[in-house]
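Letter by letter, the chains look like this.
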Amino acid sequence: MSPDSTPPNDPRDEAPQFVLPLVVRIERGAPPARTDALETAARGVLMLLGDERANGDGEWAEAVRSWEDARIRKVVRRARGAEWRRAEALPGITVTGKSTEVRVFPPVPLDGWPKDLAKLQVSGTELDDPEPPVAADSAEPVLWLNPELEMSAGKAMAQAGHGAQLAWWALSAAERTAWRDAGFALAVRTADPADWAGLTGSGLPVVRDAGFTEIAPGSCTVVADHPALR
């Protein structure tokens, strides 16, 4: 079962619904590169999942378990200036990429966002790559995006996070430790259309979207290609 992609009337809908908030810093005149934003968001999700506060008796563990018991929703919002400083003051983890800062927060109830996050905009996350990204290193995990879908950067960041999470769940404890020790190295790339059918049928983890926003329910958005899962 993939994140936030359970079928209609799924029993998990009866559980209290939680969401994982991510905030990307987008300052006027200095927006991050799109691919870097997607990769930074995915690493942020992994950093939260691997954080001691999110496991065992950690202070975020109960919220994470409640989130995982329902649909695994993620929502990306944008902030700049004072908005970003207020977001940074809340409990969470800031992850820095080449041109991107993303802060990931412990899950919150769907209708219970902290006010400083609730007021942030979801729209306005249209980002571009100044140059085409270089080819991915096959020795590292790659999150392959569906080449047939158009998604905003915010939506794609959430989907990349889903893909990273599915890979994390599929790994052994030793493989998770190795990935964490490598700084959660990964790449996000759009698959070649000729390769997409093979990727989705390969047995690798596949994200199928629930269709809450932008795309049709059941759409395959990401294939998580971790070397340990091939």
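To start, this report covers the structure provided alongside it. None of the values given here were measured: they were computed from a predicted structure.

Describing the packing of aromatic side chains
Within the structure shown, the criterion is met by 2 aromatic pairs. Judged by centre distance (5.7 Å) and plane angle (65°), the ring pair of W168 and F184 falls under edge-to-face. Taken as a pair, W168 in helix α5 (residues 153-170) and F184 in the loop between α6 (173-181) and β7 (187-190) lie far apart in primary sequence, 16 residues in all. F184 matches W168 in its accessibility class, with the two residues each being buried. When the ring centre of W113 is taken as reference, the NZ or CZ atom of R77 above it lies at 4.1 Å.

What to know about the pattern of salt bridges
As enumerated under the stated definition, the model contains 8 salt bridges in all. Between R25 and E27 there is a salt bridge; the shortest N-O distance is 2.9 Å. On the basis of relative accessibility, which here comes to 28%, the residue R25 falls in the partly exposed class. A salt bridge links E101 to R25, with the nearest nitrogen and oxygen atoms 2.8 Å apart. Of this pair, E101 sits in strand β4 (residues 101-104) while R25 sits in strand β1 (residues 18-25), placing them 76 residues apart in sequence. Among the charged side chains, a salt-bridge network with shared partners connects R25, E27 and E101.

Looking at the nonpolar core
If you look at the biggest cluster of nonpolar residues, it comprises 45 residues, and the most contacted ones within it are L22, L143, M157 and W179. Elements with a minimum of two residues in this core: β1, α1 (34-50), α2 (61-69), β3 (93-96), β4, β6 (142-145), α5 and β9 (220-225). Ranked by the residues each element gives to this core, the list is headed by α5, at 9 residues. Excluding residues within four positions of it along the chain, L22 makes contact with A41, V45, K74, V75, V76, R77, V102, R103 and V104. Counting 10 residues, the second largest nonpolar core, distinct from the first, contains V19, A79, W113 and L120.

Observations regarding the packing of α5 against α6
Put simply, α5 and α6 touch, their axes get as near as 8 Å, and they point 135° apart. With respect to α6, the axis of α5 lies oblique. Every residue of α6 that contacts α5 at A164, A167, W168 and W169 is listed here: R176, W179 and R180.

Observations concerning the environment of K115
Structurally, the position occupied by K115 is in helix α4 (residues 115-118). Separated by 28 residues in sequence, K115 and A87 have C-alpha atoms that sit 9.9 Å apart.

A look at the environment of L20
Position of L20 among the secondary structure elements: in strand β1. Judged by its relative accessible area of 0%, L20 is buried. Each C-alpha atom, one on L20 and one on V45, is 8.8 Å from the other, the two residues being 25 residues apart in sequence. Dropping the residues within four chain positions of it, L20 is found in contact with V45, L48, W67, R73, K74, V75, V104, F105, P106 and P107.

As for the sheet that holds β9
Sheets are built from strands that pair by backbone hydrogen bonding, the pairs being arranged parallel or antiparallel. Strand order in the open sheet formed by 4 strands is β7-β6-β9-β8, and the pairing between neighbours is mixed. Here the strands that pair on one side only, and so sit at the sheet edges, are β7 and β8 (206-208). This sheet shows a mean twist of 20° between the axes of neighbouring strands, independent of strand direction. Bridging between β6 and β9 involves 4 bridges; their strand directions are antiparallel. Bridging from a neighbouring strand, W144 pairs with V223 of β9. Here helix α7 (residues 193-200) sits on the sheet in contact with β6, β8 and β9, set at roughly 75° to β9.

Let's talk about the pairing of strand β2 (residues 73-79)
The buried fraction of β2 amounts to 5 of the 7 residues, a majority that puts the element mostly inside the structure. In this sheet, β2 lies alongside β1 in parallel orientation, the contact comprising 7 bridges. Within the sheet, the bridge partner assigned to R25 lies in β2 and is A79.

Conventions we followed
- Residues numbered from 1 in each chain as written.
- Predicted model: local features only at pLDDT ≥ 70, side-chain atom pairs only at ≥ 80, totals over all residues.
- Heavy atoms only, no water.
- Phe/Tyr/Trp six-rings, centres within 6.5 Å; stacked < 30°, edge-to-face > 60°.
- Helix = DSSP H or I, 4+ residues; strand = E, 2+ residues; numbered from the N terminus.
- Buried < 20%, exposed > 50% of the residue type's maximum accessible area, 1.4 Å probe, protein only.
- Lys NZ or Arg CZ within 6 Å of the ring centre and 35° of its normal.
- Salt bridge = Lys/Arg side-chain N within 4 Å of Asp/Glu carboxyl O.
- Core = buried A, V, L, I, M, F, W, Y, C linked by side-chain atoms within 4.5 Å.
- Contact = heavy atoms within 4.5 Å.
- Axes fitted to C-alpha atoms, helices over the stretch in contact; angles between N-to-C directions.
- Parallel < 35°, antiparallel > 145°, perpendicular 65-115°, else oblique.
- Pairing = 2+ DSSP bridges.

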